Amino acid sequence: MSESVLTASRRVTAPDVLVARPAHPEDAEQIALLSAPFVEQGLLVARPLAELAEMSRDFVVACEVDRLVGCAGVAPCGDSLVVYNLCIALDWQGRGIGRHLVGVAEAIGRERGCSSLLALTRYGGEWFGKLGFSEVPASETRDEWRALFRPGRRSSLYQLRLASEQSGDRSTPMCRLKQTKE
């Protein structure tokens, strides 16, 4: 995975520089803390710290110095890539970080030759729609995708088809992306 630099403007200070990079096992505790408010609201699945540490290689994180302010997991599912556990710190929401992390996931999917990017969510379908995702009707859900659904969560599945001519840059004027190898 490559590293990105995000610039997000704040009202009170000069622009802050955020780094989007692959997660490391030692980031698991911060991923858990970042995810906790969303787990409490039932928006994310609770995962034990040991599981997050083991899964850390699948995460990309956005950092402000030593603090994680956003994260997203990506995992293969058939010929698609699933974005999961996408969350942004409450004080950093609305600055394009989530959009940027989805763009990073899209770039990873293209790099791996995936046909689509998938997102399973109980909330935020409108937000994914703004990024070009379409809800997948239950009648069109592939068997390999059905395994993603957790019983009783009432989640909806969204898909972004990855065509080679589409751009993986989903940044907004408040976010600037610079890709480098880590």
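These numbers were taken from a predicted model, which means no experiment stands behind them.

1. Remarks on the side chain of R47
And step 1. The topology assignment puts R47 in the loop between α1 (28–40) and α2 (49–55).
And step 2. Owing to a relative accessible area of 18%, R47 belongs among the buried residues under this scheme.
And step 3. Side chain to side chain, R47 and N85 meet in a polar contact 3.1 Å long.

2. Some thoughts on the environment of T121
And step 1. Structurally, T121 can be placed in strand β6 (residues 116–121).
And step 2. The exposure class of T121 is buried, given its relative accessible area of 11%.
And step 3. Filtering out sequence-adjacent residues up to four positions away, T121 remains in contact with F128, S155, S156 and Y158.

3. Concerning the state of the cysteines
And step 1. Tallied over the full model, the rule gives zero disulfides.
And step 2. Looking at the unpaired C71, the closest cysteine sulfur is the one in C87, lying at 3.6 Å.

4. Brief notes about the side chain of S35
And step 1. Along the chain, the position of S35 falls in helix α1.
And step 2. Looking at S35, the relative accessible area reads 4%, which means it is buried.
And step 3. Separated by 2.7 Å, the side chain of S35 and the backbone oxygen of I31 make a polar contact.
And step 4. Contacts of S35, omitting those with residues within four sequence positions, involve L44, C71, N85 and C87.

5. Concerning α1
And step 1. For α1, spanning 13 residues, the distance from its first C-alpha to its last is 18 Å, which sits close to the expected 18 Å at 1.5 Å a residue.
And step 2. For α1, the principal kink sits at L34 and spans about 35 degrees; a proline, P37, occurs within the next four residues.
And step 3. A28, I31, L34, S35 and F38 are the residues of α1 that are buried.
And step 4. Residues of α1 that are buried in the fold lie against α2, β3 (59–64), β4 (67–77) and β5 (80–88).

6. Topic: the packing of aromatic side chains
And step 1. Within this structure, the stated rule accounts for four aromatic pairs.
And step 2. Ring geometry for F128 and F133: centres 5.1 Å apart, planes at 70 degrees, overall edge-to-face.
And step 3. Ring centres 6.3 Å apart and planes at 20 degrees place the aromatic pair F128 and Y158 in the stacked group. Here the residue F128 occupies a position in helix α4 (residues 125–130), and Y158 occupies one in strand β8 (residues 156–161), the gap between them amounting to 30 residues.
And step 4. Note on F128: relative accessible area 7%, which makes it buried.
And step 5. The class of Y158 is buried, set by a relative accessible area of 11%.
And step 6. Taken together, the aromatic side chains of W127, F128, F133 and Y158 make up a single cluster linked through ring pairs.
And step 7. In this structure, R95 packs its charged tip against the face of W92, placed 4.7 Å from the ring centre.

Criteria and thresholds
Counting of residues starts from 1 at the beginning of each chain's written sequence and follows it residue by residue. Local features are withheld for residues below a pLDDT of 70 in this predicted model, meaning they are given only at 70 or higher, and side-chain atom pairs are given and counted only at 80 or more; totals for whole chains, interfaces and linings count all residues. Based on all heavy atoms of the structure, the side-chain values leave hydrogens and waters out of the count. Numbered from the N terminus, helices here are DSSP runs of H or I no shorter than four residues, and strands are runs of E no shorter than two. A 1.4 Å probe rolled over the protein chains alone gives each residue an accessible area, and that area as a share of the maximum for its type sets the label: buried under 20%, exposed over 50%, partly exposed in between. In the analysis that follows, any N or O atom pair within 3.5 Å is treated as a polar contact, provided that within protein one partner can donate a hydrogen and the other can accept it, and provided that, for residues neighboring in sequence, both atoms belong to side chains. The contact criterion used is simple: two residues touch if any of their non-hydrogen atoms lie within 4.5 Å. Disulfide: a pair of cysteine sulfur atoms within 2.5 Å of each other. Expected helix span is given by 1.5 Å per residue-to-residue step, counting one fewer step than there are residues. The reported bend at a residue is simply the angle between two axes, fitted to the 7 residues ending at it and to the 7 residues beginning with it. Here a Phe, Tyr or Trp ring, Trp counted by its six-membered ring, pairs with any other such ring whose centre lies within 6.5 Å, and the pair is stacked when the planes are under 30 degrees apart, edge-to-face when over 60, and tilted otherwise. For a ring to carry a charge above it, either NZ of a lysine or CZ of an arginine must fall within 6 Å of the ring centroid while also lying within 35 degrees of the normal to the ring plane.

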